[in-house]
Amino acid sequence: MADKNNFEVTPWDVEGNVDYRKLVEKFGTERLTDDLKERIYENADARNLYIDRDFVFSHRDMDKILKDYEEGNGFFLYTGVGPSGPMHIGHIISFKMTKWFQENFDVNVYIQFPDDEKFWTRDRSYDEVEEFAKDNLMDVAAVGFDPDKTFVFKNTEYIGNMYKAATKLAKRINNSVVSAVFGFDSSTNIGLNFYPALQLLPTFFEERRCLIPAGIDQDPYWRVQRDVAPKFNRHKAAQIHNKLVPALTGPEGKMSSSRPRDAIMLNDGPEDVRKKVMERAYSGGQVTKKEHREKGANLSVDVAYQWLKNLFLEDDKKLEEIGRKYSNGEMLTGEVKEILVDKINEFLEEHRKRRDEKGEELKEKMMYDGKLARRMWDRNIDLG
Ligand code: TYM
């Protein structure tokens, strides 16, 4: 339930209109400062749209990651997705962010598919979860990770290599911690009680420091990780957090596979996208054309403008022009939505092309045959 701030963010649900300033305080993370952004860009020798526009906005120990990198010790990346339906535009952001770090820092990536978690949390059969996993794996493959430096694994498949280390972690995490952090109670099934050990374990796959690009809703897991890591004499994991893309219909809650009508799914065709954006995207414009020309749009609640700003429109000048003309009433909602529809369709078309042409081959490599995957299948994960 939403708390006194009128919003609530957990790994399973987002309620209300999230105030990210307050959330940073509540979760105890840090805002990405301009200095830190510049230091990331200097080391990467590249800029990043999501960071530029503050959609990726918060972190823990990003400064330590950069220090490790600058001193030649390197780091590694870890992220994941729970196969609970087809993936949407919100899901892909942390993967694109992870790819950006891999591309510009040349580091290993580990991607977890917790099929077990989705079986435990959702009213789904294993067959359904496995079908979603198959489909989601193709989307992850289409992101374009380096197939020799990326390992993608489903928990139910890789568990043999992880189980011993997971038992060691599990022994150090007690029920009072998971109840306080995740709100587990006596009705929670015991699978979920154990699951945090499995989501934490990949942060220890290498001795180096781990950086996790993910939505801020996953943060509760990392608080437990940071609590338990010193007990094994290992690094606390660093994170870089993205905000959560809301549903098309407005700022409340987050986009979710369980509400596909209000989400842009990665498999939506050009006409689906047009229809959803035109009919469902919440507008900050005025009701009548006359009123709009007089008063202009409220950009802060306008979904089309916010999506262009946060996710799709790289061109700063163009964005500034749209913002100016839309907020003074020169541009109408329909015109701004048209620009967004084209941008989304361009993005999805490229994604689908990579998925169709390369998805299968890349997936096999990242799961089984690539250099890192082969090494990981030979390893028994150890926590000392
Ligand atoms: P899941 O499947 O809920 O989400 C996968 C990733 O997508 C992010 N995300 C979003 N980002 C922006 N806008 C949204 N509307 C939105 N919805 C979801 C999530 O924050 C996440 O980064 N338990 C995890 C799977 C997991 C994982 C991990 C995630 C296992 N290991 C390591 C991150 C890092 C889950 O069910 O995520």
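Structure's up top.
This one's a predicted model, so the numbers in the text were calculated from it and none came from an experiment. (Residues numbered from 1 in each chain as written. Predicted model: local features only at pLDDT ≥ 70, side-chain atom pairs only at ≥ 80, totals over all residues. Heavy atoms only, no water.)

### So, the layout of surface pockets
Line of reasoning, step 1. The space that makes up the largest pocket amounts to roughly 770 Å³.
Line of reasoning, step 2. Lining the largest pocket are 40 residues, with Pro11, His91, Asp217, Gln218 and Lys254 positioned closest to its centre.
Line of reasoning, step 3. The set of elements that each furnish at least two residues to the lining of the largest pocket consists of β5 (76-80), α5 (89-105), α6 (115-121), α10 (190-200) and β8 (210-215).
Line of reasoning, step 4. Each residue belonging to the lining of the largest pocket can be placed in one class, and the counts come to 14 nonpolar, 17 polar and 9 charged. (1 Å grid on protein atoms, 1.4 Å probe; cavity = no way out; pocket = protein on both sides within 12 Å on 5 of 7 lines; lining within 4 Å. Points joined across faces, edges and corners; volume = space filled by probe spheres on them. Helix = DSSP H or I, 4+ residues; strand = E, 2+ residues; numbered from the N terminus. Nonpolar A, V, L, I, M, F, W, Y, C, P; charged D, E, K, R; others polar.)

### Examining unusual backbone geometry
Line of reasoning, step 1. For Asp61, which is not glycine, the phi torsion reads 60 degrees and is therefore positive.
Line of reasoning, step 2. The residue Asp61 is located in the loop between β4 (56-60) and α4 (62-70) in this model.

### Concerning the sheet that holds strand β7 (residues 150-154)
Line of reasoning, step 1. Here 7 strands make up an open sheet; going across it, the order is β3-β4-β9-β8-β5-β6-β7 and the pairing mixed. At either margin of the open sheet sits one strand with a lone partner, and together these are β3 (30-31) and β7. (Pairing = 2+ DSSP bridges.)

### As for empty space enclosed by the protein
Line of reasoning, step 1. Counting across every chain of the model gives 1 cavity of 30 Å³ or more.
Line of reasoning, step 2. Of the voids in this model, the largest cavity is the one considered here, and its volume is about 40 Å³.
Line of reasoning, step 3. Lining the largest cavity, in full, are Tyr50, Ile89, Ile92, Ile93, Leu311, Phe312 and Phe347.
Line of reasoning, step 4. At 3 residues, the largest contribution of residues to the lining of the largest cavity is made by α5.
Line of reasoning, step 5. Per-class residue counts for the lining of the largest cavity are 7 nonpolar, no polar and no charged.

### Focus on the site of the ligand
Line of reasoning, step 1. Taken together, 27 residues are adjacent to the ligand, and Gly82, Gln112, Gln199, Asp217 and Val245 come closest.
Line of reasoning, step 2. One of the side-chain N or O atoms of Asn242 is found 3.3 Å from a nitrogen atom in the ligand.
Line of reasoning, step 3. For the ligand, whose unbound accessible area comes to 690 Å², protein coverage reaches 98%.
Line of reasoning, step 4. The cavity that encloses the ligand is the largest pocket.
Line of reasoning, step 5. Put simply, the parts of the chain that give the shell around the ligand at least two residues each are β5, α5, α6, α10 and β8.
Line of reasoning, step 6. Grouping the constituent residues of the shell around the ligand by class yields 10 nonpolar, 12 polar and 5 charged. (Near = heavy atom within 4 Å. Polar contact = N/O pair within 3.5 Å; in protein donor to acceptor, adjacent residues only side chain to side chain. Areas by Shrake-Rupley, 256 points an atom, 1.4 Å probe, with all protein chains shown as cover. Sits in = over half its atoms within 2 Å of the grid points.)

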